[in-house]
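# Examination of the molecular architecture
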Amino acid sequence: MGKIKKKKAKDWVDKNKSLDVEAGASRAAVIEPKSVAFHCFRCDCTKHAKRQFVWKTSQGDKLVCNGCHGLLTSLARSR
Ligand SMILES: [Zn+2]
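Residues numbered from 1 in each chain as written. Predicted model: local features only at pLDDT ≥ 70, side-chain atom pairs only at ≥ 80, totals over all residues.

Time to look at the pairing of strand E3 (residues 60-65). In terms of strand pairing, strand E2 (residues 45-57) meets E3 through 6 bridges, oriented antiparallel. Note on E3: the bridge partner recorded for Phe53 is Val64. The antiparallel pairing of E2 with E3 creates a hairpin that spans 2 residues between the two strands. (Pairing = 2+ DSSP bridges. Helix = DSSP H or I, 4+ residues; strand = E, 2+ residues; numbered from the N terminus.)

Spelled out as C-alpha cells, the structure:
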C-alpha cells in the first residue's frame, strides 16, 4: 500500500535557481508587439508572452519571463 506521491505545483519546485545569486545583474526588457514563445531559463519551460527579459549573467545572456524578473528583482532588493 504505497503512498502516491503527488507532484507539487510546478511553480516553485522546478525552478532553475542556479543563477539566483546573480539576481542583481542587469536585465533588459524586450517587448514584442504580440505574444511570442520563448524559453524561460529560470522556469525551465516555454512561455508565451509579449514581454521577456535578457538577464546578463556570468554564464551569458539568459531569457527570463516577467514573473521571474519580478522575483529576481525583489530577491536582489532583499540582499
Ligand atoms: Zn520564468
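Even without glycine at this site, Asp44 takes up a positive phi of about 55°. For Asp44, the position within the fold is in the loop between strand E1 (27-40) and E2. Overall, the presence of 11 C-beta atoms within 10 Å leaves Asp44 in the exposed class. (Buried ≥ 20, exposed ≤ 12 C-beta atoms within 10 Å, placed from the backbone.)

Attention now moves to the pairing of E1. Relative to E2, E1 runs antiparallel, the two being bridged by 10 bridges. Paired with Ile31 across the two strands is Arg51, which belongs to E2.

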